[in-house]
Amino acid sequence: MPRPGQVKSSDGERLSDRIALGVLTRAFPPGLVDEVVAECGRVEQRRRLLPARVVVYFVLAMCLFSGQGYEEVARLLTCGLEHERRWDRAWRVPSTAAIGRARLRLGPEPLKALFARVCRPVATEATPGAWYGRWRLVAVDGTTFDLPDTEANGAFYGRPGSPRGQRRGAFPQARVAALVECGTHAVFAAEVGPLAEHETVLARRLFDRLSTGMLLLADRGFAGADLWRAAAAGGADLLWRVKSSAVLPVVKALPDGSYLSEIVAARDKNRRADPVAVRVIEYTLGSGTDGTVYRLITTILDPKDAPAAEMAALYAQRWEIETTLDEIKTHQGGPRLVLRSQHPTGVEQEIFAVLLVHHALRDLMHDAARGEGCDPDRISFTRTLRVVRRHLTGQAALSPLTTHPIPGSSPA
């Protein structure tokens, strides 16, 4: 296995032209990677040890093998190809510094463009647990990622408060809002921002990815007439929890125990101006003083389309997004995950790479479940992750040719 700086003999093509990553190149074919690299103006004007396509795959591999250092990830990229000794020039395992510079040249744009191209809901009409009637179940939520304690990350992303010491958290944090398909855990839209940017602000930028035939689930943190209108603008239906203190006057009682009401923006709460019609579903989980009152509002106004009891049971599907975030941060990333990027642009690049890898794994799991005719929830994410990591280098094959410069394009 080559070490940093070690030269391999050559007589045909560069090893870096033959890098392929099993499940990752299945989800993100070399031709597609070349397209997004070109669209983002990252095509090389000269041959590099780390061309842009290889750097894209390296960043993806880095987020699959999250516990490994840069140079070890580079070895994992190439060790499955060592029997192919047909490289047209000497190739060395890049140093950590060289990889860092290559990541900086690449920037976050190709990973974001790849995410926009590939990451879609993956459930078919036959996927168990992905649908309620005619609606595809999706959920929105936010989370944070701990970042390396660098001056650049702290200045751009900010830090959480702390009651001890200097009254600031140990690590800067980036905030992420995401849309997830509940039945498959596929993340199909995401926004990254500083910690000071509220998750509802980031979520509003995601709502153009919603469409007719989706039913969006959200917790109490998203309730608000303006955000409600924005989420429903594309034709999606909504089922959101609201605070028990929310003012929801009874306009009309319905036979299933729900009732029609109205919500208004906070600025109009006294005048009740410009109201939005909603249907309210109230129920209690638990008994006595330990019971928790839930109040849901929905755009589905006719109880014949969605009875109150079914909607109350359906709301539990919102927890699928919590499970998805746990898969990403705890299992794929590892316990007490801290991203490795030292600079804000690298942070954004890394977060989208993390999401791309998760989507590739979840798409693979959905295909496996479909082949067996079972619910994707019956397949273990952790076991799938282990299998993919174990077999990835053995699957290395294919010869993704290096992208050639486009006339008039800018250098990397």
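Residues numbered from 1 in each chain as written. Predicted model: local features only at pLDDT ≥ 70, side-chain atom pairs only at ≥ 80, totals over all residues. Heavy atoms only, no water.

Explanation requested: the layout of surface pockets in the structure shown.
Over the atoms rolls a probe the size of a water molecule, and in doing so it shows where empty space is left. In this structure, the largest pocket encloses a volume near 490 Å³. Taken together, 20 residues make up the lining of the largest pocket; nearest its centre are Ala-223, Gly-224, Ala-246, Val-247 and Val-264. The element best represented in the lining of the largest pocket is helix H9 (residues 225–232), accounting for three residues. A breakdown of the residues in the lining of the largest pocket according to their chemical character gives 12 nonpolar, two polar and six charged. (1 Å grid on protein atoms, 1.4 Å probe; cavity = no way out; pocket = protein on both sides within 12 Å on 5 of 7 lines; lining within 4 Å. Points joined across faces, edges and corners; volume = space filled by probe spheres on them. Helix = DSSP H or I, 4+ residues; strand = E, 2+ residues; numbered from the N terminus. Nonpolar A, V, L, I, M, F, W, Y, C, P; charged D, E, K, R; others polar.)

Looking at this structure, I do not really get the pairing of strand S6 (residues 237–242). What am I missing?
Of all the six residues making up S6, six are buried; the element is thus mostly covered by neighbouring parts of the structure. A two-sided burial pattern is seen for S6, the buried positions comprising Asp-237, Leu-239 and Arg-241 on one face and Leu-238, Trp-240 and Val-242 on the other. For strand S5 (residues 214–218) and S6, the ladder comprises four bridges, and the chain directions are parallel. The residue bridging Leu-215 from the neighbouring strand is Asp-237, located in S6. Regarding the hand of the β-α-β motif, the stretch spanning S5, H9 and S6 is right-handed. (Buried < 20%, exposed > 50% of the residue type's maximum accessible area, 1.4 Å probe, protein only. Pairing = 2+ DSSP bridges. Right-handed = clockwise from strand over helix to strand, strands pointing away.)

For this particular structure, what's the right way to read the nonpolar core?
Generally speaking, soluble globular proteins have nonpolar side chains that are buried together. Grouped together as the largest cluster of nonpolar side chains are 86 residues, with contacts concentrated most on Phe-28, Phe-58, Leu-60 and Ile-351. Per-element accounting of this core gives the leading share, 12 residues, to helix H3 (residues 52–64). The contact partners of Phe-28, leaving out residues within four places of it in the chain, are Val-33, Tyr-57, Leu-60, Leu-114, Val-118, Leu-356 and Ala-360. Among the nonpolar cores identified, the runner-up in size contains 31 residues, and Ala-189, Leu-202, Ala-203 and Leu-206 belong to it. (Core = buried A, V, L, I, M, F, W, Y, C linked by side-chain atoms within 4.5 Å. Contact = heavy atoms within 4.5 Å.)

What am I meant to see in the environment of Glu-39 here?
By the element assignment, Glu-39 lies in helix H2 (residues 30–39). Separated by 71 residues in the primary sequence, Glu-39 and Pro-110 have C-alpha atoms spaced 8.1 Å apart. For Glu-39, the side chain forms a polar contact with the side chain of Arg-117, separated by 2.4 Å. (Polar contact = N/O pair within 3.5 Å; in protein donor to acceptor, adjacent residues only side chain to side chain.)

Teacher, can you tell me more about the side chain of Glu-348 here?
Among the structural elements, Glu-348 can be located in helix H12 (residues 344–372). Residue Glu-348 is classed as buried on the basis of its relative accessible area, which comes to 19%. Discounting residues that sit within four places of it in the chain, Glu-348 has contacts with Pro-108, Lys-112 and Tyr-157.

I keep staring at the pattern of salt bridges and nothing clicks. Help me out?
Under the counting rule described, the total for this entry stands at 19 salt bridges. In this structure, Arg-318 engages Asp-141 in a salt bridge whose closest nitrogen and oxygen atoms are separated by 3.4 Å. With Arg-318 in the loop between helix H10 (308–314) and helix H11 (319–332) and Asp-141 in strand S2 (residues 135–146), the pair connects residues that are 177 residues apart, well separated along the chain. For Asp-141, a relative accessible area of 5% corresponds to the buried category. Arg-370 serves as the salt-bridge partner of Asp-367, at 3.1 Å between the closest nitrogen and oxygen. Of this pair, Asp-367 and Arg-370 both sit in helix H12, three residues apart, roughly one helical turn. Each member of the salt-bridge network shares a partner with another, and the members are Arg-26, Asp-363, Asp-367 and Arg-370. (Salt bridge = Lys/Arg side-chain N within 4 Å of Asp/Glu carboxyl O.)

Just checking my understanding: could you explain H2 for this structure?
Residues lying three or four places apart along an α-helix face the same way, a consequence of the helix completing one turn every 3.6 residues. Pro-30, Leu-32, Val-33, Asp-34, Val-36 and Val-37 are the residues of H2 that are buried. Looking at the buried residues of H2, the elements they touch are helix H1 (23–27), H3 and helix H6 (109–118). A positive backbone phi angle near 70 degrees is found at Gly-41, which sits one or two residues after H2.

Got a minute to help me understand the side chain of Glu-199 in this structure?
Along the chain, Glu-199 turns up in helix H8 (residues 199–204). The side chain of Glu-199 sits in the buried core without any salt bridge; Arg-175 is the nearest counter-charge, 4.9 Å away. Beyond its immediate chain neighbours, meaning those up to four positions away, Glu-199 contacts Asp-141, Gly-142, Arg-175, Ala-177 and Phe-222. (Lys, Arg positive; Asp, Glu negative; His and termini not counted.)

What's the story with the packing of helix H5 (residues 96–106) against H12 in this structure? I'm lost.
The packing of two helices is summarised by the inter-axis angle and the distance between the axes. The contact between H5 and H12 brings their axes to 9 Å, and the two run at 85 degrees. The angle between the axes of H5 and H12 places the two elements in the roughly perpendicular class. Packed against H5, whose contacting residues are Arg-103, Leu-104 and Leu-106, the element H12 presents Thr-345, Gly-346, Gln-349 and Glu-350 at the interface. Partitioning the contact of H5 with H12 into residue classes produces two nonpolar, three polar and two charged. (Axes fitted to C-alpha atoms, helices over the stretch in contact; angles between N-to-C directions. Parallel < 35°, antiparallel > 145°, perpendicular 65-115°, else oblique.)

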